[in-house]
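Residue-level structural notes
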Amino acid sequence: MYTNEQERWLESGQPKYGDAQQAKKNQMFMKFIIQIVAITFSAHLLALFLPWYCIAITPFAFGYLLKSNTDFLAGFCSIAILWIFNAWLLDSDTSSDLSVRVANLFSLPSKSLLYVIMAVIGGLVGGFAALSGALLRK
Amino acid sequence: MRGLKFIISLSITLGLIYLLDNRWVVGEKPIPPIGRFLDPFNGFWRNIEANDFMGPSTLDIKGLKENVTVVYDSLSIPHIFADNDMDLYFAQGYITAMHRLWQMEFQTHAAAGRVSEITGAGANDMFLEYDRGQRRLGMVFAAQNSMASLAGDQNALLIVEKYSEGINAFIKTLQYKTLPFEYKLLDYRPEPWSPLKCALLQKSMEQTLCMGDKDMEMTNALKLFGWDVVELLYPDHESVGDPIVEKINAWNFSNNIPDTIPIALPEELLAVRKLPGIDPTIGSNNWAVSGTKTASGSPILCGDPHLSLSLPSIWFAIQLKAPGINTMGVSLPGAPGVIIGCTDSIAWSITNAQRDLVDWFAITFQDHSRTKYLLDSQWVDTKKVIERFKVRGKPVFEDTLLYTYWGPIPYDENYHATNNLKGYAFRWISHDPFGSAIAFYKLNRAQNYADFMEALNYFDAPASNFAFASAAGDIAMRVQGKYPMRRPMEGKFVLDGSKSANGWFGFIPNDQNINDKNPARGFVSSANQYPVDDTYPYYITATSFEAYRNRRINKILGGLNNIQPADMMKLQNDNYNLKAEESLPFFLNQLDTTAFSQPEKEAFQLLSSWDYFNTKDAEAASYYEAWWDNLMALIWDELDGKDINLIRPTTFNTIKLLQDKPNLSFFDIQSTPEKEDARSVIQKGFSIAVSSIAGWKEEHANVKAGWADYKDGYIGHLMRLEPLGIHVKTGGNHDIINANSRTKGPSWRMIVSLEKTGVKMWGVYPGGQSGNPGSTHYTDMVDHWANGEYYPLLFLHKPEDARERQFYTTQLKRQR
């Protein structure tokens, strides 16, 4: 299962410098994932009751609480995912072509671009809100 | 440092939210609050209806006396069952608003000249200009007069008040998330509905159907060309085909009308950028055949009103049932009751009577201040009304409008006039205090011919030809409206407004209006043609009367016996081009075929072997129609190109002139050095048509210009937003029974068989019951309509009868 070197390291109980860096990376990545999950779910909950700009509230809160090096990205991705997923839910279970008509109203050639624009708009608000939350924490 | 970063980041966040939560206008193009609009939790995505969408099964509603049951059928047509009249009209308002609120409100805003409140002034102030026009034509003035006339009528008041309450009850339920799509796109909210809006909607129909005139145009023509030419180009009566009613010498009354009226020919020619009036290519068909001609032995009534087609559809199909009333048909969103349809014993349908109900009176002002004008040898004060326009994103715009004894003065140095500082007052029948709500209240309850006749006594405008049939076996036609008694030539030219005696001195009594019951030929029909035989005592004039559809209908109906509903469907979709039959052989004979290009040879061959049917794939129809359109423009270039007001003669008369007067000076094309006659102008029209179709083929990479493709029928959204409209492929054209021109056509096709065992109805319209572009019911009837197919419509006696045709049921529960 393990190489000899790994076995020796496991037995020694001493972290190796390179691995420590990797572990920290993993930890940061985990924090990023936790941030995304926390923001997405809580933002979803709030969005059921509040106007659209409530998507700034939870990224701000979790930027503050879970401060990472990737707060902006976490905020951006959370809201982008949340919006794309929910729009897709509504858009996939219909024979209406309203999303195509709306794309055309904005002179967009396809509805994928409408999704991209929507994701970027929600993402930017979420991203900057998360960044602001993180910056608030000393 | 960190604090600064925080402040910058927070400011960006808040700035973004502000930016995305507000509407912006970038280079005349409005952009909705894009964050709010695109948010999938509340934005436009919420207007997308899921495949298994159904409306609510119960709604708790304040304002009902009893519970109301609404059964939706598979076309999403609501069948409303109420225990009393008040709940019935309340529910009609509520349910109509659920499906068509934006349209209802927008149409009444448009009628009232309030579009710029929603859209802003628009490119080159186009929306503001439109709004000013509506106010200047006195649309709000007319609606207010109509409301005042309702005050004395308990039933009429009850209908519009309950209907309005229903709409308002629905409006109160709305949050941003549930707003109709267009409110989100245009970023505004509905305002409370009021009975005045019902009147505005009614007036807007009257504007579409009975605001047409050619007085200024005729006045200019008379001044320019003289009497003989006016008589030649614009005869009052083209004497073609049968009138709607022919009862020679059966009119046992006289008119008692003095026989002259002074015309006020102006010193200079009238130059006014006139607001668009009635489109002569809009018309309608209706007919009823008696039981002697049908297979079932019961009468069949058919109707297809032609209008500008739009989305959401102009009509909303509905059934209304309460004690004393069971009616089914189409309603106008914003007006209570059923406008065209049936009860369980009678059916009716409407076409436009065309009659001239507009006059223009020349006003003599005392001086440039226009504060006084001459009337019966006295200087009388004008009434100044300041109209205010709350243009979106701009300061309030004010426009001063002058009213005279005759009515408002729409055109002056501030609006659309280039030279007539003298001023012309606008006299329109619909400025008079009347409303037609009570006519439909009674019609929707009518059981027989007598009820029908009684109901129509309350119908003033828009003047209409009502076809009627009853299960008892009667058929009838009544040309009903409020018609001024006109002196010969009255209403054809601009009149002298300095004497009140020049005004309408009376109205034709209802019992002297044109009507006919059970004629010997076994059917009644109307298609906007001249209404009556020459022995009718009153002078009749109009902008134009129809010349082709009516003859085709009467010819076919005359030859049919043992009629089935399917025969009537076929007739409503008949594509036979009588105009082509009468003109094309003559046109082809005029052509010099020796110098033809290859495409001209091919077109000539196609046209020579054409059967005159404007079917969808008929390429010859494309050539003929293109030829005719170009020919018309070449012939009347003298009239089209001028700054002054002139109007083209009718299609029928133009063809007659080409045949009878080949050397008429109008056939000369002004832009060419040589002198054209009928023959050479026909030839030029042909060449232009062939090359324009060749251009079309190249542009569309198409070897064939099939008629439906070439015509490219289009049903546009009310806001004229291209992506919200649809293209349709249809045969027919104006002057053909299947009256589908590019953007106009049969807005509703209905067939009712009045069988003793129960009334049966078939119908279809170019759209769908939902006004929501995110619903499958937005356009779900269009394919059937374009293919000439019909839906058998449910006409229920009780909610349970819907059975497998039931889509869902909504209980409206009264809430205390």
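**A few points about the overall build of chain B**
Looking only at helices and strands, chain B has 23 helices and 30 strands in total. With respect to the principal axes defined by its C-alpha atoms, chain B has extents near 85 × 75 × 70 Å. Across chain B, every contact between residues at least 6 apart in sequence was considered, and the portion connecting residues at least 24 apart equals 72%. Working note: accessible area of chain B is about 30400 Å², and carbon and sulfur atoms make up 52% of it. Both charge centroids of chain B, one from 79 positive and one from 94 negative side chains, sit 6 Å from each other.

**Describing the overall build of chain A**
For chain A, the helix and strand inventory stands at six helices and zero strands. Listed N to C, the secondary structure of chain A is α-α-α-α-α-α in terms of helices and strands. Every one of the 138 residues in chain A was classed for burial, and the buried ones make up 40%. Split by element, the accessible area of chain A, about 7800 Å² in all, is 67% carbon and sulfur.

**Quick word on helix H20 (residues 651-660) of chain B**
All names here are of chain B. Counting buried positions along H20 yields seven of 10 residues, so the element is predominantly enclosed. Those residues of H20 that fall on the buried side of the exposure criterion are Thr-651, Phe-652, Asn-653, Thr-654, Ile-655, Leu-657 and Leu-658. In this structure, the buried side of H20 is in contact with helix H11 (227-233), helix H14 (549-559), helix H16 (578-590), helix H18 (619-635) and helix H21 (678-699).

**Describing the interface of chain A and chain B**
Of the residues lining the interface, 44 residues belong to chain A; the matching set on chain B comes to 43 residues. Summing both sides of the interface, chain A and chain B together bury roughly 3700 Å²; the carbon and sulfur share of this comes to 74%. Ranking the residues of chain A by area buried against chain B places Trp-52, Arg-101 and Leu-105 of chain A at the top, with a combined share of 20%. Scanning the region where chain A abuts chain B turns up 13 residue pairs in polar contact (both at pLDDT 80 or more). Listed by contribution, the elements that provide at least two residues to the side of chain A that touches chain B are helix H2 (17-47), helix H4 (71-92), helix H5 (98-105) and helix H6 (111-136) of chain A. The greatest single-element share of the side of chain A that touches chain B, amounting to 14 residues, is contributed by H6 of chain A.

**Some remarks on the sheet that holds strand E21 (residues 495-496) of chain B**
Residue and element names in this part refer to chain B. Across the sheet, three strands lie side by side as E18-E13-E21; this open sheet has mixed pairing. Whereas interior strands pair on both sides, the edge strands pair on one side only; in this sheet they are strand E18 (424-428) and E21. Of the pairings in the sheet, the one linking strand E13 (residues 358-362) to E18 comprises five bridges and is antiparallel in character. For Val-358, the partnering residue across the bridge sits in E18 and is Trp-428.

**Some words on the side chain of Asn-286 of chain B**
Residue and element names in this part refer to chain B. The residue Asn-286 is located in strand E6 (residues 284-289) in this model. Owing to a relative accessible area of 0%, Asn-286 belongs among the buried residues under this scheme. Polar contacts involving the side chain of Asn-286 include one to the main-chain carbonyl oxygen of Ser-349, which spans 2.9 Å. For Asn-286, the side chain forms a polar contact with the main-chain oxygen of Asn-465, separated by 3.0 Å. Among residues more than four places away in sequence, those in contact with Asn-286 are Cys-302, Gly-303, Ser-349, Ile-350, Thr-351, Asn-465, Phe-466, Ala-467, Met-477, Val-524, Ser-525 and Ser-526.

**Here we look at the environment of Ser-525 of chain B**
All names here are of chain B. Here Ser-525 lies in strand E23 (residues 523-526). Overall, Ser-525 belongs to the buried group, its relative accessible area being 2%. With 239 residues separating them in the primary sequence, Ser-525 and Asn-286 have C-alpha atoms 5.6 Å apart. In terms of polar contacts, Ser-525 uses its side chain to reach the side chain of Asn-554, at 2.5 Å.

**A closer look at a nonpolar patch on the surface**
All names here are of chain A. Together, Leu-45, Leu-48, Phe-49, Leu-50 and Ile-57 line one region of the surface with nonpolar side chains, adding up to about 530 Å² of accessible area. The topology assignment puts Leu-50 in the loop between H2 and helix H3 (57-65). On the accessibility criterion, Leu-50 (34% relative accessible area) is partly exposed.

**As for the environment of Ala-472 of chain B**
Residues and elements named next belong to chain B. Structurally, the position occupied by Ala-472 is in the loop between strand E19 (464-470) and strand E20 (475-480). For Ala-472, a relative accessible area of 62% translates into the label exposed. Taking the C-alpha atoms as reference points, Ala-472 and Gln-447, 25 residues apart in sequence, are found 9.0 Å from one another.

**Comments concerning the pattern of salt bridges**
Here the idea is simple: oppositely charged side chains can pair when their charged atoms come close. Residue and element names in this part refer to chain B. Throughout the structure, instances matching the rule amount to 44 salt bridges over all chains. A salt bridge links Asp-187 to Arg-36, with the nearest nitrogen and oxygen atoms 3.5 Å apart. In this pair, Asp-187 is assigned in the loop between helix H8 (181-186) and helix H9 (195-210) and Arg-36 in helix H2 (residues 34-38), connecting sequence segments 151 residues apart. Put simply, Arg-132 and Glu-129 hold a salt bridge, and the shortest N to O gap is 3.3 Å. Remark: Glu-129 and Arg-132 occur in helix H5 (residues 126-136); sequence separation between them is three residues, near one turn of the helix. Residue classification places Glu-129 among the partly exposed residues on the basis of a relative accessible area of 23%.

**What to know about unusual backbone geometry**
Residue and element names in this part refer to chain B. Following Leu-311, the chain continues into Pro-312 via a peptide bond in cis, with omega recorded as -10°. Note that Pro-312 resides in the loop between strand E8 (310-311) and strand E9 (316-322). For the bond running from Ala-461 to Pro-462, omega is -5°, close enough to zero to count as cis. Relative to the assigned elements, Pro-462 resides in the loop between helix H13 (449-456) and E19. Positive phi, close to 75°, is recorded for Met-489, a residue that is not glycine. Positionally, Met-489 belongs in the loop between E20 and E21. For Met-489, a relative accessible area of 24% corresponds to the partly exposed category. Notably, Arg-720 is not glycine yet its phi reads approximately 60°, a positive angle. Note on placement: Arg-720 falls in the loop between strand E24 (713-717) and strand E25 (726-728). Here Arg-720 falls in the exposed class, since its relative accessible area comes to 76%.

**A word on the packing of aromatic side chains**
Residue and element names in this part refer to chain B. A complete count under the given rule lists 53 aromatic pairs over all chains for this structure. Where Phe-225 meets Phe-666, the ring centres are 5.2 Å apart and the plane angle is 85°; that geometry is what we call edge-to-face. Placement of the pair is Phe-225 in helix H10 (residues 215-225) and Phe-666 in the loop between H20 and H21, with a sequence separation of 441 residues. Judged by its relative accessible area of 25%, Phe-225 is partly exposed. Judged by relative accessible area, which is 6%, Phe-666 ranks as buried. For the ring pair Phe-459 and Phe-466, a centre distance of 4.9 Å and an interplane angle of 85° mean the geometry is edge-to-face. Among the aromatic residues, ring-to-ring pairing joins Phe-586, Phe-587, Phe-596, Phe-604, Trp-627, Trp-628 and Phe-686 into one connected group.

**Side note on the side chain of Ser-498 of chain B**
Residue and element names in this part refer to chain B. As for its placement among the helices and strands, Ser-498 is situated in the loop between E21 and strand E22 (515-517). Accessibility expressed as a relative area gives 11% for Ser-498, which makes it buried. Of note is the side chain of Ser-498, whose polar atom sits 2.9 Å from the side chain of Asp-496. Those residues within four positions of Ser-498 in sequence are excluded, and the remaining contacts are Ala-362, Leu-374, Leu-375, Asp-376 and Ser-377.

**Examining the packing of helix H3 (residues 85-111) of chain B against H9 of chain B**
Residue and element names in this part refer to chain B. Packing of H3 against H9 leaves a shortest axis separation of 9 Å and a crossing angle of 70°. Taken together, the axis directions place H3 and H9 in an arrangement best described as roughly perpendicular. The hand of the H3/H9 crossing is left-handed. In this structure, H3 uses Glu-105, Gln-107, Thr-108, His-109 and Ala-111 to contact H9, whose residues at the interface are Lys-197, Leu-200, Leu-201 and Ser-204. Considering only residue class, the contact of H3 with H9 consists of three nonpolar, four polar and two charged.

Conventions we followed
Residues numbered from 1 in each chain as written. Chains lettered and ligands numbered in written order. Predicted model: local features only at pLDDT ≥ 70, side-chain atom pairs only at ≥ 80, totals over all residues. Heavy atoms only, no water. Helix = DSSP H or I, 4+ residues; strand = E, 2+ residues; numbered from the N terminus. Contact = heavy atoms within 4.5 Å. Areas by Shrake-Rupley, 256 points an atom, 1.4 Å probe, with all protein chains shown as cover. Lys, Arg positive; Asp, Glu negative; His and termini not counted. Charge placed at Lys NZ, Arg CZ, Asp CG, Glu CD. Buried < 20%, exposed > 50% of the residue type's maximum accessible area, 1.4 Å probe, protein only. Buried area = accessible area lost by both parts, 1.4 Å probe. Polar contact = N/O pair within 3.5 Å; in protein donor to acceptor, adjacent residues only side chain to side chain. Pairing = 2+ DSSP bridges. Patch = residues over 30% accessible without salt bridge, like charges linked within 9 Å, V, L, I, M, F, W, Y side chains within 5 Å. Salt bridge = Lys/Arg side-chain N within 4 Å of Asp/Glu carboxyl O. Phe/Tyr/Trp six-rings, centres within 6.5 Å; stacked < 30°, edge-to-face > 60°. Axes fitted to C-alpha atoms, helices over the stretch in contact; angles between N-to-C directions. Parallel < 35°, antiparallel > 145°, perpendicular 65-115°, else oblique. Left-handed = near helix turned anticlockwise from the far one by under 90°. Nonpolar A, V, L, I, M, F, W, Y, C, P; charged D, E, K, R; others polar.

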